Amino acid sequence: MSQEKVFAIPNITTPNNPVLFNPEICDGCNTCVETCQIDVYIPNPQEGKPPIILHPEECWYCGCCANDCPRPGALQFNWPLELRGYWKNKKTGKVNQL
Amino acid sequence: MTTWHEYLRKEGQPPSWPYPIRFGQEQEIETDVLVIGGGIAGCWAAISAARQGLRVALVEKGDTVRSGAGGPGCDHWCDTPANPLSRVTPDDWAKHMADRPYCNGIGVQIQCRENYDTLLEMEQMGGKIRDTGNEYAGAEGRDDKTKFMISPRYGTIHSYFPDPRMGEPNFNPPEKRNNVVIRVWGSTFKPALKKECKRLGVKIFDRVMGTSLLTENGIQGARVIGATGLNDRTGEFMIFKSKATILSTAGGGSMWLMSMELGGYSNMHSRTMSGDGTIMAWKAGAELTRMESTGMVMIATGLKHKWYSGAGDASYENVPLVDAKGKRLPLPIQGWVDAGAMVPAPGVEAKIREGIMKGEYELPFYGDFPSMSDVERRATWKLMLGEESTTRIIIDTFEKAGFDPSRDLLQSYKFIEGQSLPQWRDAGYGGGILVDWNLKTTLDGLYAAGSQMFAPEDHSHAAATGRYAGRKAAAYASETGLSKISRDQIEAEKARVFAPVKRSSGVEWKELHAGIARVMQYYVSEFKTESLLNIGLSALQKIEAETVPSLYAVDPHKLMRSLEDLTMLEFAKIIIQASLARKASSMPLNFQRIDFPTMDPPEWNKFLTIKMENNKVKTGERPQAFWGDMKQQYEAHNQDYQGVYKGK
């Protein structure tokens, strides 16, 4: 069991995680912070680190941040569970979901 | 560690506000032309005014690089009758478009006359408008000489006119097509526009929300001489002094918010679309019109499936729809053959529903991409959807997950996600600022463009009217001087803007938003009567009197959201007042009064206008087509029009 300190915090807003950053690739350039029209993000206090998602519930999933990210793979869009679309292989009939 | 909660757990404390806090500190900017709203119309307005050699300031709540009601891309350059492949004249197409009741004949005429020049200028700035890489060689509608890609949209007639023949084979044969819509690579547009603004020396103020207009001697209805703004990251108070001001923010947004928790996630548009410019103009005394017109939200992020957040469905436009067994559905798709309507006639949907219940069609339905020709499929998937505002990220996600349009059927959510509730409404249905042939509002010194005006159209309309308003405002600014700002007006606005940060408890913006939305859902939905509307108005006034004084905000971002709420509260009240004034029902306005059920009686076939005079609401009216002869008026007002820009 984790020995981490347990804080008393309010419920987490849902959906809470519109994007997933890969800290190995993201160099904290903050292009997404500037491209986002909503200010979903703020820069990380530690330079060079991925931004912090501060206002996830204001995101409208326009995709600007992911489209304009200059480092491929640094930022992956993370669709909320209820928005993951379906498709079907026309030949086999197999149904898939995002 | 990217979420706030992860940060808290790791660091043991929340991050500090990352920007300097400057609540109430003032910055004063002097300019010739001030543009408020840095979307498509605003950027074009700024560029157009700056080309006249004037000082231009551009104010944008987000960041100009991707902002705007139209979102970050553009899939079609619609209604471009001046393009060389068109088979209809600009004046004839404008006349055709203006046949829709309660449209804006001025905006439509400007669009049809000038949006092709605007498109060519877009190319000069670095926007991609032709298939120069021969990616779509052989596609229907592609012209080998110009490399323009004509779209099947609006082939025979404008698709907003429901025509019973739509969807029938041979409704749209090649020889009948008007060729007025061009497919474009619109995701290149906004960054190119921002770059051009910078190149021309436009002073861009990103992350600044306009909060009010300044008028001569602070008097309502007097000449507009500047504006105030709030930096939504620092809380700095901005004072702009200008000779001419152009409003180009979007119309009203989420007044009927669907989810009480999710501020941004359950709207038709982004939360930033809150009607700021409309309310600034209203408070300054400008006349508005069509404010009673609202519509049902058919699709919105989080509310239903996400495809476009604002428009149709990828598996509807251009793509044949089939049932779960592969049987083609009789649904017009705006394709080359059938040129269907944007929204199919209710009878068509009813027939399909009947078929579902009888077992004739099996759910769910699918967009049959594999049945399309390769080049048409690529043009639809990569160009139309890849360049549209919010769909690029969707097609990217599908591709990464293994979806292949040449092999796979894309699920459609028609029927299985149910109908929209009539209480889920949107204000973005044509209400806006009244303008004349100079795109001047009823106030001197104040102009409007794009979806800031009443009855706006689409992307190319925003671009062409922005460019036009920039030209006209620059001409006015060249002949006028700056005026002295009223300090009393500044102080009153500062007191209003910063009131929420002076409190540390009370009601927060989300609850206020939800409260306004619930009033609108109950009292301003499909059921409209004098008494329901009056109860709604009283409820909003109660919110204003009792809740607004306890509104609080803990940082500049939440202060911006709080001010947006106050804008929405005012917008909501205007909608009710305009609805009370129209004592008749109207089909084109999507306006049903239970107590006045007759649809569109001739005596009510007119625009209702609404404005504030001495802080009292005053309504008026204008006849249909009050703009006069569109061709004549346009020519009388634009004898000096130079066409495509040739300067540096």
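Residues numbered from 1 in each chain as written. Chains lettered and ligands numbered in written order. Predicted model: local features only at pLDDT ≥ 70, side-chain atom pairs only at ≥ 80, totals over all residues.

Undergrad: Tell me about the overall build of chain A, and please be specific about residues and values.
TA: The helix and strand inventory of chain A stands at two helices and six strands. Order of helices (α) and strands (β) in chain A, N terminus to C terminus: β-α-β-β-α-β-β-β. A compact globule built from 98 residues should have a C-alpha radius of gyration of about 13 Å, whereas chain A, at 17 Å, is more than 25% larger. Its C-alpha atoms put chain A at 50 × 35 × 25 Å along the principal axes. (Helix = DSSP H or I, 4+ residues; strand = E, 2+ residues; numbered from the N terminus. Rg over C-alpha atoms; globule rule 2.2 N^0.38 Å.)

Undergrad: Explain the sheet that holds strand β18 (residues 432–433) of chain B residue by residue, including any values.
TA: Each strand in a sheet pairs with another by means of backbone hydrogen bonds, the pair being arranged parallel or else antiparallel. Residue and element names in this part refer to chain B. Sheet architecture is open: four strands sit in the order β18-β12-β20-β21, paired in antiparallel fashion. Of all the strands in the sheet, just β18 and β21 (616–623) have a single pairing partner and so form its edges. Taken together, the two bridges between strand β12 (residues 288–289) and β18 define a ladder with antiparallel strand orientation. Looking at β18, one finds that L288 is bridged to I433. Strands in contact with helix α14 (residues 556–581) are β12, β20 (606–613) and β21; relative to β20, the strand with the most contacts, it is inclined by about 130°. (Pairing = 2+ DSSP bridges. Contact = placed C-beta atoms within 7 Å. Axes fitted to C-alpha atoms, helices over the stretch in contact; angles between N-to-C directions.)

Undergrad: So what's going on with the packing of helix α2 (residues 40–50) of chain B against helix α10 (residues 459–478) of chain B? Which residues, and what values?
TA: Residues and elements named next belong to chain B. In contact at an axis separation of 7 Å, α2 and α10 are set at 35° when each is read in the N-to-C sense. Where α2 crosses over α10, the two elements pack in a sense that is right-handed. Touching I40, A41, G42, C43, W44, A45, A46, I47, S48 and A49 of α2 are H459, A462, A463, T465, G466, R467, A469, G470, R471, A473 and A474, all from α10. Each residue belonging to the contact of α2 with α10 can be placed in one class, and the counts come to 13 nonpolar, six polar and two charged. (Left-handed = near helix turned anticlockwise from the far one by under 90°. Nonpolar A, V, L, I, M, F, W, Y, C, P; charged D, E, K, R; others polar.)

Undergrad: Just give me the short version of the sheet that holds strand β5 (residues 149–150) of chain B, but keep the residues and values in it.
TA: All names here are of chain B. Here three strands make up an open sheet; going across it, the order is β4-β6-β5 and the pairing antiparallel. Either end of the sheet is taken by a strand with one partner, and the two such strands are β4 (76–77) and β5. Looking at chain direction, β5 and strand β6 (residues 182–183) are connected through two bridges and run antiparallel. Looking across to β6, one finds that M149 is bridged to R183.

Undergrad: Help me get a handle on the pairing of β21 of chain B, residues and values and all.
TA: For β20 of chain B and β21 of chain B, the ladder comprises eight bridges, and the chain directions are antiparallel. Opposite K611 of chain B, over in β21 of chain B, you have K618 of chain B as the bridge partner.

Undergrad: How would you sum up the interface of chain A and chain B? Please name residues and give values.
TA: Each side of the interface is counted separately: chain A has 40 residues, and chain B has 46 residues. Looking at the side of chain A that touches chain B element by element, the count peaks at four residues for strand β5 (residues 86–89) of chain A. As judged from the three bridges shared by β5 of chain A and strand β16 (residues 408–412) of chain B, these two strands associate in the antiparallel manner. Pairing of N89 of chain A across the sheet is with D408 of chain B, part of β16 of chain B.

Undergrad: Any chance you could break down the confidence of the model for chain B for me, citing the residues and the numbers?
TA: Taken over all residues, the pLDDT of chain B has a mean of 92, while the share at 70 or more is 94%. As a predicted assembly, this complex carries a pTM of 0.96 together with an ipTM value of 0.95. (pLDDT = per-residue confidence, 0-100.)

Undergrad: So what's going on with the domain arrangement of chain B? Residues and values would help.
TA: One widely used convention gives an interface's size as the accessible area the parts lose upon coming together. All names here are of chain B. Looking at chain B, the domain boundaries give domain 1 (26–68 + 191–294 + 424–478), domain 2 (76–183), domain 3 (321–412) and domain 4 (502–623). Taking only C-alpha atoms into account, the centre of domain 1 sits 27 Å from that of domain 2. Counting from both sides, the interface comprises 21 residues of domain 1 and, opposite them, 18 residues of domain 2. Elements supplying a minimum of two residues to the side of domain 1 that touches domain 2: α5 (189–199) and α10. (Domains from an automatic or database assignment.)

Undergrad: Describe the environment of E60 of chain B, naming the residues involved and giving the relevant values.
TA: All names here are of chain B. When you line up the elements, E60 lands in strand β3 (residues 56–60). With 30 C-beta atoms counted inside 10 Å, the residue E60 sits in the buried group. C-alpha of E60 to C-alpha of G210: the two residues are 150 residues apart in sequence and 8.0 Å apart in space. If near-sequence neighbours (up to four positions away) are discounted, E60 is found in contact with G37, G38, S67, I204, F205, D206 and V208. (Buried ≥ 20, exposed ≤ 12 C-beta atoms within 10 Å, placed from the backbone.)

Undergrad: Go over the environment of N104 of chain B with me, naming the residues and quoting the values.
TA: Residues and elements named next belong to chain B. Looking at the element boundaries, N104 is found in the loop between α3 (90–97) and α4 (105–124). Residue classification places N104 among the buried residues on the basis of 27 C-beta atoms within 10 Å. Sequence separation between N104 and F626 is 522 residues, and the spatial gap between their C-alpha atoms is 9.5 Å. Non-local contacts of N104, meaning those with residues more than four positions away in its chain, are made with M453, F454 and A455.

Undergrad: Let's hear about the packing of helix α12 (residues 509–523) of chain B against helix α13 (residues 530–547) of chain B: which residues, and what values?
TA: Residues and elements named next belong to chain B. Contact geometry for α12 and α13: axes closest at 9 Å, N-to-C directions at 170°. In terms of axis orientation, α12 runs roughly antiparallel to α13. Remark: the crossing between α12 and α13 carries right-handed chirality. Residues L512, G515, I516, V519, Y522 and Y523 of α12 lie in contact with α13, whose contacting residues are L532, L533, I535, G536, A539, L540, I543 and T547. (Parallel < 35°, antiparallel > 145°, perpendicular 65-115°, else oblique.)

Undergrad: Summarise the nonpolar core; cite the residues concerned and give the values.
TA: Counting 159 residues, the largest nonpolar core has V33, A46 and I516 of chain B as its most contacted members. Element by element, the count of residues in this core is highest for α14 of chain B, at twelve residues. Apart from residues no more than four positions distant in its own chain, I516 of chain B is found in contact with M255, L540, I543, D565, M568, L569 and A572 of chain B. One finds I42, L54 and Y61 of chain A together with W4 of chain B within the second-largest nonpolar core, a separate group that totals 25 residues. (Core = buried A, V, L, I, M, F, W, Y, C linked by C-beta atoms within 7 Å.)

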